[in-house]
Amino acid sequence: MRPQLVIVGAGPRGTGVLERIAANAPELYPASGLDIHLVDPHPPGGGRIWRQEQSPLLWMNSHAEDVTMFTDETVAMDGPVREGPTLHEWAHLEGRTFAGRQLQGRYLRWFHEQVLAALPPDVAVHHHPRRALRISGPREGRQQVWLEGRARPLPADLVILALGHLDTELDPEQRQLADYARAHGLVHLPPDYTADSDLSPLEPGAPVLVRGFGLAFVDLMVLVTEGRGGRYEGETYRPSGREPVLYVGSRRGVPYHSKIGYDWTGDRPPLPRFLGPAEVDGLLARPGGFDFRRDVWPLVEKELGFAHYHRLFTAHPGRTAMAWTDFEEKYAAAAGPAEIRALAAAAVPDPADRLDLTALDRPLEGVRYASHEDFQAGLRRYIEADLNRRHDPSHSADLAVFLGLLSVYGQLVRLGDIGSWWHGFFSHLASGPPGPRLRQMLALSRAGLLRFVGAGMTVTTGNGLFRATGTTVPGFAVEARTLVEARLPEPTLGRARDSLLRALHADGAAATPGGLLRVDPGDGRILDGAGRPHPRRFALGPYTDSRTAGAFTRPRTGGPAFRQNDATARAALAFLRHLAGRAAA
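Residues numbered from 1 in each chain as written. Predicted model: local features only at pLDDT ≥ 70, side-chain atom pairs only at ≥ 80, totals over all residues. Heavy atoms only, no water.

Quick word on the sheet that holds strand β6 (residues 154-156)
Working definition: the strands of a sheet are paired by backbone hydrogen bonds and lie parallel or antiparallel to each other.
At step 1: Ordered in space as β4-β5-β6, the three strands form an open sheet in which the pairing is antiparallel. With partners counted over all chains shown, the strands left at the sheet margins are β4 (132-136) and β6, one partner each. The sheet shows a mean angle of 25 degrees between the axes of neighbouring strands, taken without regard to direction.
At step 2: Note that strand β5 (residues 143-147) and β6 share three bridges and pair antiparallel. The residue bridging Gln 144 from the neighbouring strand is Pro 155, located in β6. (Pairing = 2+ DSSP bridges. Helix = DSSP H or I, 4+ residues; strand = E, 2+ residues; numbered from the N terminus. Axes fitted to C-alpha atoms, helices over the stretch in contact; angles between N-to-C directions.)

Quick word on the packing of helix α7 (residues 292-315) against helix α12 (residues 397-412)
At step 1: Where α7 meets α12, the closest approach of the two axes is 8 Å, and the angle between their N-to-C directions is 145 degrees. Between α7 and α12 lies a crossing of right-handed hand. Contacts from Phe 292, Val 296, Val 300, Glu 303, Leu 304, Ala 307, His 308, Arg 311 and Leu 312 in α7 reach Ala 397, Ala 400, Val 401, Gly 404, Leu 405, Ser 407, Val 408 and Leu 412 in α12.
At step 2: Its residues assigned to classes, the contact of α7 with α12 shows twelve nonpolar, three polar and two charged. (Left-handed = near helix turned anticlockwise from the far one by under 90°. Contact = heavy atoms within 4.5 Å. Nonpolar A, V, L, I, M, F, W, Y, C, P; charged D, E, K, R; others polar.)

What about the pattern of salt bridges?
At step 1: Following the criterion strictly, the structure yields 38 salt bridges and no others.
At step 2: As a salt-bridge pair, Asp 179 and Arg 182 come within 2.3 Å of each other at their nearest N and O atoms. One end of the pair is Asp 179 and the other is Arg 182, both in helix α4 (residues 172-184) and three residues apart, which spans about a single turn.
At step 3: Among the residues examined, Arg 182 registers a relative accessible area of 60% and is labelled exposed.
At step 4: Note that Arg 437 is salt-bridged to Glu 226, the shortest N-O span being 3.9 Å. Of this pair, Arg 437 sits in helix α14 (residues 435-446) while Glu 226 sits in the loop between α5 (215-223) and β10 (231-233); the two residues are 211 residues apart in sequence, bridging distant segments of the chain.
At step 5: For Arg 437, a relative accessible area of 3% corresponds to the buried category.
At step 6: One network of salt bridges, in which partners are shared, links Arg 48, Arg 51, Asp 167, Asp 192 and Asp 196. (Salt bridge = Lys/Arg side-chain N within 4 Å of Asp/Glu carboxyl O. Buried < 20%, exposed > 50% of the residue type's maximum accessible area, 1.4 Å probe, protein only.)

Observations regarding the side chain of Ser 431
At step 1: Secondary-structure assignment places Ser 431 in the loop between α13 (420-430) and α14.
At step 2: On the basis of relative accessible area, Ser 431 is assigned to the buried category, the value being 16%.
At step 3: Excluding its chain neighbours within four sequence positions, the residues that come into contact with Ser 431 are Asn 61, Leu 215, Tyr 256, Lys 259 and Phe 426.

A short note on the environment of His 128
At step 1: Looking at the element boundaries, His 128 is found in strand β3 (residues 123-128).
At step 2: Relative accessible area serves as the criterion here: at 12%, His 128 is assigned to the buried category.
At step 3: Placed 91 residues apart in sequence, His 128 and His 37 show a C-alpha to C-alpha distance of 7.1 Å.
At step 4: Residues within four places of His 128 in sequence aside, it is in contact with His 37, Leu 38, Val 39, Asp 40, Leu 147, Arg 150 and Leu 154.

Details of the packing of helix α1 (residues 12-28) against helix α3 (residues 101-118)
At step 1: In the contact formed by α1 and α3, the axes pass within 9 Å of each other and the chain directions differ by 25 degrees. The angle between the axes of α1 and α3 places the two elements in the roughly parallel class. Between α1 and α3 lies a crossing whose hand is left-handed. Facing α1, whose interface residues are Pro 12, Thr 15, Gly 16, Leu 18, Glu 19 and Ala 22, α3 presents Leu 108, Phe 111, His 112, Val 115, Leu 116 and Ala 118.
At step 2: Of the residues assigned to the contact of α1 with α3, the class counts are eight nonpolar, three polar and one charged. (Parallel < 35°, antiparallel > 145°, perpendicular 65-115°, else oblique.)

Overview of the nonpolar core
If you look at soluble globular proteins, the nonpolar side chains tend to sit buried side by side.
At step 1: Leu 209, Val 210, Phe 217 and Phe 466 are the most contacted members of the largest nonpolar core, which has 53 residues in total.
At step 2: The dominant element in this core, judged by the number of residues it contributes, is α5, at seven residues.
At step 3: In this structure, Leu 18, Ala 22, Met 69 and Leu 158 belong to the second largest nonpolar core, which totals 44 residues. (Core = buried A, V, L, I, M, F, W, Y, C linked by side-chain atoms within 4.5 Å.)

Concerning the sheet that holds strand β15 (residues 465-469)
At step 1: Spatially, the three strands line up as an open sheet ordered β14-β15-β16, and their pairing is antiparallel. The open sheet has two free edges, formed respectively by β14 (458-462) and β16 (477-480), since each of these has just one partner strand. Neighbour to neighbour, the strand axes of the sheet diverge by 30 degrees on average, direction disregarded.

Digging into the pairing of strand β1 (residues 4-8)
Looking along a regular strand, one sees the side chains alternate between the two faces of the sheet.
At step 1: Burial of β1 is extensive: five of the five residues sit out of reach of the surface.
At step 2: Every second residue of β1 is oriented toward a common face, with Gln 4, Val 6 and Val 8 on one face and Leu 5 and Ile 7 on the other, all of them buried.
At step 3: Pairing of β1 with strand β2 (residues 34-39) involves five bridges; the strand directions are parallel. Bridged to Leu 5 within β2 is Ile 36.
At step 4: What joins β1 to β2 is α1, and the crossover it makes is right-handed.
At step 5: With four bridges joining them, β1 and strand β7 (residues 158-161) adopt parallel strand pairing. Each bridged residue has a counterpart across the sheet, and for Val 6 the counterpart in β7 is Val 159. (Right-handed = clockwise from strand over helix to strand, strands pointing away.)

Points about the side chain of His 63
At step 1: With respect to the helices and strands, the residue His 63 is situated in the loop between β2 and α2 (87-91).
At step 2: Polar side-chain contacts of His 63 include one of 3.4 Å to the side chain of Arg 96.
At step 3: Apart from residues lying up to four places away in sequence, His 63 is in contact with Gly 95, Arg 96, Thr 97, Phe 98 and Ile 260. (Polar contact = N/O pair within 3.5 Å; in protein donor to acceptor, adjacent residues only side chain to side chain.)

Structural notes on unusual backbone geometry
At step 1: Note the cis peptide between Leu 271 and Pro 272, where omega equals -5 degrees.
At step 2: Looking at the secondary structure, you find Pro 272 in the loop between β12 (245-249) and α6 (277-284).
At step 3: You will see that Arg 556, though not glycine, has its phi angle at about 60 degrees, which is positive.
At step 4: Structurally, Arg 556 can be placed in the loop between β19 (533-539) and α16 (560-584).

Considerations on the packing of aromatic side chains
At step 1: Tallied over the entire structure, the rule returns 30 aromatic pairs.
At step 2: Residues Trp 90 and Tyr 107 carry aromatic rings whose centres are separated by 5.5 Å and whose planes lie at 55 degrees to one another, so their mutual orientation is tilted. Here Trp 90, found in helix α2, pairs with Tyr 107, found in helix α3; they are 17 residues apart in sequence, far enough to count as distant.
At step 3: Residue Tyr 107 is classed as buried on the basis of its relative accessible area, which comes to 0%.
At step 4: In this structure an aromatic cluster arises from ring pairing among Phe 274, Phe 306, Tyr 309, Phe 313, Trp 324, Phe 327 and Tyr 331.
At step 5: In this structure, Arg 293 is placed above the aromatic ring of Trp 421, and the distance from its NZ or CZ to the ring centre is 4.2 Å. (Phe/Tyr/Trp six-rings, centres within 6.5 Å; stacked < 30°, edge-to-face > 60°. Lys NZ or Arg CZ within 6 Å of the ring centre and 35° of its normal.)

Section: the pairing of β2
At step 1: Of all six residues making up β2, six are buried, and the element is well covered by its neighbours.
At step 2: Here β2 shows no split at all, with Leu 34, Ile 36 and Leu 38 on one side and Asp 35, His 37 and Val 39 on the other all buried.
At step 3: For β2 and β3, the ladder comprises six bridges, and the chain directions are parallel. Within β3, the residue paired with Asp 35 across the bridge is Ala 124.

These figures come from the coordinates and say nothing about function on their own.
The structure is reproduced here in structure tokens:
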């Protein structure tokens, strides 16, 4: 029998691995014949998240020019570069357009077709539109991949998991809220991909509590306003009368920072500077391990500060009071945050030009408003100020910090599961909504259809209702019959609804304390409890401890996901070549 490779998940990540197989096969797989099985109930290319059957109102969260499925020479990988068009080049869009998800799905389908055409003629690809249920088989022998609705398993010499975002069982708090909702006839929508949620129970004019102020909330906001017939006329929202009233809050109490609305000009900051491969090697070599806040975060802070001040001093020198060479020398020698703050105060006259990561991350920390209405006006001012700054190139140090965040993320991938705090921080600063979505928030707030609860939002139950409070407006509370948890489920193996991952975990696959699947950072092989890589099972994606930033890679940024895909594809091809050679002998 020809060697058999099964890839579970045919969305962007699975298709990206397939592209690397096509690119590397001429060098690494001269053997004759290979069957590749793509297992996914959703269409190949787009997968679940980017499928065509979703609202045309939903946008991507990246500029079209910042989305590519093709490698370039900045990717540190062993395989060959195969260049191709970005989304904006392929679709002939203006580069700073926020394309619809349906269009991105068509781009991904086209990319998938290009990949199939690039495979050697003796490599056959078979799509199985089913769910994979479990994997069985000995470590050193052929595997069996069991599919829903199919009596016989797929035989597999190698299995690569590229499952994407997971559905999970409710955690204890969510179970308690769901039980309360059932007992009292309430509506409770748990964490989910918003496009898959049934929003019909959100009644017109009724208050709806929403916990979560990130991208899942933006989708919800769109689907229950424009999606119900409302429209925007300039800065004004014209309701259809079918909208609920959304009371939204979160731990921060503010939306993610706006996407930056201008292009980079001039030289980029020379990154990495304080958090590069050598520093990561040192952290990994610590005999007792490392603590993120104690050992890693100071390096992150210094790296982001370096990116910020490099741009400020080189692009806006009139707003500084020291030569860059002097500042850089003193910055490098600074022993900690206090010394850096003192140096910045001496060298940068305007506090607005100094980097304050704590204020950026928690802008409502310690802030109190006397009334709910005062807070509505105050948060609108905050959003307007954020929009203005993030679209003003005179503040291009903000864009430098964004580049610093991408550099840091690329290094931190090697450290494995470093907890959820960093990912939340990154998303708040770097993965915020398009500017037009924040302007829509402002219009909905002025129309009275969007009400801000504040920071530290807490949901309790009583008197047959949900009740939300926050810390920003002492004494304020709002009650409602409907609660929406506007966030994606946590990628936790122990609560994954995916039976395949649960079975893997039960069969010995290791998980981190945070519940992520442990994989070899080099090629993505799944690790067991003793740290041994499985010779025939690989995994890539957000449920692993080698997850990367964002859904897609920006061109010319090194692309850690591309590097991972290439390493996995090369390891798989080398194994299959050896197997085919043994069979031929």
